[in-house]
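Coordinate inspection notes
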Amino acid sequence: MYWYAMKSHDIRHNLATEQYLMNNKEFDEPLVLFYYEGPCIIVGRNQNTLEEINQKYVEENNITVTRRLSGGGAVYQDLGNLCFSFVVDSDSEEFGDFKSFVQPVVDALHQMGATTAEVSGRNDILVDGKKFSGNAMYSHSGKTFSHGTLMLDVDQDVIAHALNVPEDKMKSKGIKSVRSRVTNLKPYLAPEYQNLTVPEFRDTLLKELFHVDNLDAIKDKEVVIEDNEKAAIDKIYNDYYSNWDWVYGNSPEFTVKKRQHFTAGTIDARLLVENGKIKNIKFYGDFFGPADATELADKLAGVRYDRENVGKVLDSVNTQLYFNGIDKQDVLNLLVD
């Protein structure tokens, strides 16, 4: 195999690098990649982003959100998680055969003391019946990559908040994530491995995968990315992983129902969102106002469905004309939280 350990801790840059290496580099042997990043959520290619994330919590905690090329469900990652990816010729493995890809990693984990680690179900790796790794796959132009997570020491409290979306918040045709009981791998490793940092864990896995005692022995197998290639990776970063249209606008059409009672009346808002923008919104309820709320609905049509852009519209009007006695901030919270 060839190998590359990414230097960036930005999931968007790392996914762009993975995509570039898959599509633009020719290898006569498989390639294994390792990367880890700051707090982020990565949704699957066919998912509705807003349906998978707790948007308010994500914004308040500066969690990066992006969309990957592969399918599957949404995952949360932080600097306690290690990602791995195998890139091969498409004809060398059957698409969907996750076990063939991840078994070398499982074997390496067995050597590190996690003897109960096993491939389970469609695309998970479990330890003592609890999930610590999810995997996804993508094929293009004769190449396939299979990438996955390894939860070494992830903040699981954040997972519960960042991916916690009420089931009745919205309905769409997007592929829903299946929540599983998850755990960190760290307690299941042999004592001599339990204090490893993520970079040390990565390097130990590399040595196990290549059956060497130190990384100098496989220096000739390390991929080098030239300066001119970095510009191409930056373009992919901008065109895809940091591009609002790709991350949010690519979501399937969905409907949202928001209802709240205030002292001055009840607002029941029904929204139809398409490509991440409000296509239609209607206000129902027993609120009072001298102006017709359909005027505000017309102003919101075509606006990106997020706090910043909906907030700009509300700031540009006197909401008391539509919802007398109800604070503008409360209206904003109702619509986007």
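Above this text sits the structure in question.
Residues numbered from 1 in each chain as written. Predicted model: local features only at pLDDT ≥ 70, side-chain atom pairs only at ≥ 80, totals over all residues. Heavy atoms only, no water.

Description of the sheet that holds strand 3 (residues 40-43)
- Read across the sheet, 3 strands follow the order 4-3-5 without closing on themselves; strand pairing throughout is mixed. Of all strands in the sheet, those bounded by a partner on one side alone are strand 4 (64-67) and strand 5 (75-77). Within this sheet the neighbouring strands show an average axis-to-axis angle of 20°, counted without direction.
- Inspection of the sheet shows strand 3 paired to strand 4 by 4 bridges, in the parallel sense. Bridging from a neighbouring strand, V43 pairs with R67 of strand 4. (Pairing = 2+ DSSP bridges. Helix = DSSP H or I, 4+ residues; strand = E, 2+ residues; numbered from the N terminus. Axes fitted to C-alpha atoms, helices over the stretch in contact; angles between N-to-C directions.)

Some points on the pattern of salt bridges
- A complete count under the given rule lists 14 salt bridges for this structure.
- One salt bridge connects D153 with K186, and the closest N-O pair in it is separated by 3.8 Å. Of the two residues, D153 sits in the loop between strand 10 (143-151) and helix 5 (156-162) while K186 sits in the loop between strand 11 (170-172) and helix 6 (198-210), which places them 33 residues apart along the sequence.
- For K186, a relative accessible area of 28% puts it in the partly exposed group.
- A salt bridge links R202 to D203; the shortest N-O distance between them is 3.0 Å.
- By relative accessible area, R202 is classed as buried at 14%. (Salt bridge = Lys/Arg side-chain N within 4 Å of Asp/Glu carboxyl O. Buried < 20%, exposed > 50% of the residue type's maximum accessible area, 1.4 Å probe, protein only.)

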